[in-house]
Amino acid sequence: PLPEKQEDFKREIAAKLPPIYDTKYIITSSTVILNELKSSSLSHSYEGLNDNEKLKNFNIPIQLGAEFSEYTLDGDASHEAGFDAFMTGVALIRCIEKLGYDFNKFFNSANENGVVEKSKQEEMFDYYRNKIPLSGYRLAFDLNDQEDPYSNRDDVFVVSNLPELANETELEQFFKENYGEIVFYRTGSTGSLFFVFKRAEDKAKFNEILEQNQRECEVTFSYPNKSHGVIETRLQLRDHKKFGSLLAEEIEATFNPKQPEFL
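Residues numbered from 1 in each chain as written. Predicted model: local features only at pLDDT ≥ 70, side-chain atom pairs only at ≥ 80, totals over all residues. Heavy atoms only, no water.

1. Re the overall build of the chain
Helix and strand counts for the chain stand at 10 helices and nine strands. Classification of the 263 residues of the chain by burial places 38% in the buried group. When contacts within the chain are restricted to residue pairs at least 6 apart in sequence, those whose partners lie at least 24 apart make up 55%. A total accessible area of about 16600 Å² is found for the chain, and carbon and sulfur atoms account for 49% of it. (Helix = DSSP H or I, 4+ residues; strand = E, 2+ residues; numbered from the N terminus. Buried < 20%, exposed > 50% of the residue type's maximum accessible area, 1.4 Å probe, protein only. Contact = heavy atoms within 4.5 Å. Areas by Shrake-Rupley, 256 points an atom, 1.4 Å probe, with all protein chains shown as cover.)

Given below as structure tokens:
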């Protein structure tokens, strides 16, 4: 049976399986890769990362073993288990290279005492380790032994006073430069804008700022405008609990939408 608690489930996964690197998560988390591909689906990713022109930029040659004579590198046998596994492996190798990592130094190796250690390259790649994308969520399910941002409603923050002409992409970049990477959501009925942090350490630092200001603060946000150049505005950032139960219910509905009832 599955463990009753999420932390127990994560602990068992970590104990029984090696590190997991999800190609879809890596691709969708990297604008460098995603911008070159049609989509993050397995077949499109494999096709895009094995384009003849792009192959000139890769150092790791890939070839099929003689026992797989029915397959070719440029063929399409997708949805066959063996070839799907092969495409996944190729996509992972190409992603590792595309992001600037040395694949030959990537995997763990034993030190002089015979103890297997994580390589420096894999340490650098840790951002993508054990993250599983979930359908319907913009955050991944984090299998590392820590709390998922979307599972704790205590760490949801609300943005107020965002001008209509400012877009969320510019705001995300502003947060990335000043506070850390975030994910924005809008509630269904009121359109309230709220966000969660992707990384626990960024969330902790932001919480320290709010604690000094009664769980809210004001920041200056600049954004481009065609008519007036760069415009500065003051944004209010607050703990969502300052808004009462109505917003809390909308946030909960955003994270856990009701399943449609079928007749």
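From this point, the discussion proceeds with the structure in view.
2. Details of the nonpolar core
Within the largest apolar cluster, 20 residues are counted, with the highest numbers of intra-cluster contacts made by Val-159, Leu-171, Phe-175, Phe-184, Phe-195, Phe-206 and Leu-237. Among the secondary structure elements, those contributing two or more residues to this core are strand S5 (157-160), helix H8 (168-178), strand S6 (182-186), strand S7 (193-197), helix H9 (200-211), strand S8 (216-225) and strand S9 (229-239). Ranked by the residues each element gives to this core, the list is headed by S8, at four residues. In this structure, Phe-206 is in contact with Phe-157, Tyr-179, Phe-195, Phe-197 and Leu-237, ignoring residues within four places of it in sequence. Counting residues in hydrophobic clusters, the runner-up holds 15 residues, among them Ile-26, Ile-27, Leu-37 and Tyr-101. (Core = buried A, V, L, I, M, F, W, Y, C linked by side-chain atoms within 4.5 Å.)

3. Observations concerning the packing of aromatic side chains
According to the stated counting rule, one finds 22 aromatic pairs in the structure shown. With a centroid separation of 5.9 Å and 75° between ring planes, the pair formed by Tyr-46 and Phe-83 is classed as edge-to-face. Taken together, the residues span a long stretch of sequence, with Tyr-46 in helix H4 (residues 42-49) and Phe-83 in helix H6 (residues 81-98) at a distance of 37 residues. In this structure Tyr-46 comes out as buried when scored by relative accessible area, which is 5%. An aromatic cluster of three or more residues is present, and its members are Phe-157, Phe-174, Phe-175, Tyr-179, Phe-184, Phe-195, Phe-197, Phe-206, Phe-221 and Tyr-223. We note Lys-10 situated over the ring of Phe-141; from NZ or CZ to the ring centre the distance is 5.4 Å. (Phe/Tyr/Trp six-rings, centres within 6.5 Å; stacked < 30°, edge-to-face > 60°. Lys NZ or Arg CZ within 6 Å of the ring centre and 35° of its normal.)

4. Focus: the pairing of S5
Residues Phe-157 and Val-159 point to one face of S5 and Val-158 and Ser-160 to the other, with burial holding for every one of them. Bridge analysis of S5 against S7 gives three bridges, and the strand direction is antiparallel. Residue pairing in the sheet places Val-159 in a bridge with Leu-193 of S7. One ladder, built from four bridges, connects S5 with S9; its direction is antiparallel. From the neighbouring strand, Val-158 faces S9, where its bridge partner is Arg-238. (Pairing = 2+ DSSP bridges.)

5. Some points on the pairing of S7
Most of S7 is tucked away, with five of its five residues classed as buried. Burial along S7 is two-sided: the residues Leu-193, Phe-195 and Phe-197 and Phe-194 and Val-196 are all buried. Bridge analysis of S6 against S7 gives five bridges, and the strand direction is antiparallel. What sits directly across from Val-183, in S7, is Val-196.

6. Here we look at the packing of H4 against H6
One way to put it is that H4 packs onto H6 with a least axis distance of 9 Å and a crossing angle of 50°. On the basis of their axis angle, the class for H4 and H6 is oblique. Crossing of H4 over H6 shows left-handed handedness. Along its contact with H4, which presents Leu-42, Tyr-46 and Leu-49, the element H6 presents Phe-83, Asp-84, Phe-86, Met-87, Thr-88, Val-90, Ala-91, Arg-94 and Cys-95. When its residues are assigned to classes, the contact of H4 with H6 shows nine nonpolar, one polar and two charged. (Axes fitted to C-alpha atoms, helices over the stretch in contact; angles between N-to-C directions. Parallel < 35°, antiparallel > 145°, perpendicular 65-115°, else oblique. Left-handed = near helix turned anticlockwise from the far one by under 90°. Nonpolar A, V, L, I, M, F, W, Y, C, P; charged D, E, K, R; others polar.)

7. As for the pattern of salt bridges
One pass over the structure, following the stated rule, counts eight salt bridges. The partner of Glu-97 in a salt bridge is Arg-94, with the nearest N and O atoms 3.3 Å apart. Separated by three residues within a single helix, Glu-97 and Arg-94 lie in helix H6, roughly one turn from each other. Measuring nitrogen to oxygen at the nearest pair gives 3.2 Å for the salt bridge that ties Lys-241 to Asp-239. (Salt bridge = Lys/Arg side-chain N within 4 Å of Asp/Glu carboxyl O.)

Taken by themselves, the reported measurements are silent on function.
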